[in-house]
Amino acid sequence: PGASKDPHPAAAPRPEAGGAAATPSRPEPASAPAGDSCDIPPTAAAERALLESLRARRLEIDRREQAVVERELLQAAAERRLTERVEGLAALQARLEAVDQARGEREEAGWRQMVKLYEGMRPRDAAAIFDDLEMPVLVQILGRMGERKAAPVLGAMRPDRARLLTAELARHRAAGPVN
């Protein structure tokens, strides 16, 4: 910027008559020109604009940061709910598996009782009943019977029925264990 004019000329050093300069009085700080206060130097206006721009950017960053924090809180809450649901589903699955296992054990116990009943019968009497039973039931019963008890019952059955039962038992045993 240009040199500022001193508003107080008396404070400026004056040359002495002898040509030697007097000791200068202390310089006054540069101040804004007197008059209207709206005359802001261009550098001050630029600084003010920069500060306002920085303040606006700071506010925007603060808003974004707050939004991120809120999203993180929502995400954490959603994760907690999902974790609770997964745990609930795991507990439900465990209960269903326990119920299924108990049902399977009851069913197996029922089949075992029926097998024990037929193993206790005379082979000819059991064969007479087996000749009229449906094939899936026969496979379940005879598949669980011991071979020494099943052989005389098969021998006492009608030959065509015994043949069909033997073929079904072979298919059933090839498919997997008896359930």
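Computed from a prediction, not measured in an experiment: that's the story for all the values here. (Residues numbered from 1 in each chain as written. Predicted model: local features only at pLDDT ≥ 70, side-chain atom pairs only at ≥ 80, totals over all residues. Heavy atoms only, no water.)

A. Structural detail: the overall build of the chain. Looking only at helices and strands, the chain has 5 helices and 0 strands in total. Walking the chain from its N terminus toward its C terminus, one meets helices and strands in the order α-α-α-α-α. Expressed as a percentage of the 179 residues in the chain, the buried residues total 13%. Counting contacts in the chain only where the partners sit at least 6 residues apart, residues at least 24 apart contribute 64% of the total. (Helix = DSSP H or I, 4+ residues; strand = E, 2+ residues; numbered from the N terminus. Buried < 20%, exposed > 50% of the residue type's maximum accessible area, 1.4 Å probe, protein only. Contact = heavy atoms within 4.5 Å.)

B. A look at the nonpolar core. In terms of nonpolar packing, the biggest core is built from 18 residues, with Phe130, Ile141, Leu142, Met145, Val153, Met157 and Leu165 touching the most fellow members. Sorting the residues of this core by element identifies helix H1 (42-120), helix H2 (123-130), helix H3 (135-144), helix H4 (147-156) and helix H5 (159-175) as the ones contributing at least two each. Here this core takes 5 residues from H3, the largest share from any one element. With near-sequence residues (within four places) excluded, Leu142 lies in contact with Phe130, Ala150, Leu154, Leu165, Leu169 and Arg173. (Core = buried A, V, L, I, M, F, W, Y, C linked by side-chain atoms within 4.5 Å.)

C. Local environment of the packing of aromatic side chains. On inspection of all chains with the given rule, the structure shows 1 aromatic pair. Considering the side-chain rings of Tyr118 and Phe130, the 4.9 Å spacing of their centres and the 55° angle between planes classify their relative orientation as tilted. Here Phe130 lies in helix H2 and Tyr118 lies in helix H1, a separation of 12 residues in the sequence. Pair check on accessibility: Tyr118 and Phe130 agree, each one buried. (Phe/Tyr/Trp six-rings, centres within 6.5 Å; stacked < 30°, edge-to-face > 60°.)

D. Geometry of the side chain of Gln140. In this fold, Gln140 is placed in helix H3. Exposure remark for Gln140: the relative accessible area of 15% places this residue in the buried category. A distance of 2.4 Å separates the side chain of Gln140 from the side chain of Arg144, its partner in a polar contact. (Polar contact = N/O pair within 3.5 Å; in protein donor to acceptor, adjacent residues only side chain to side chain.)

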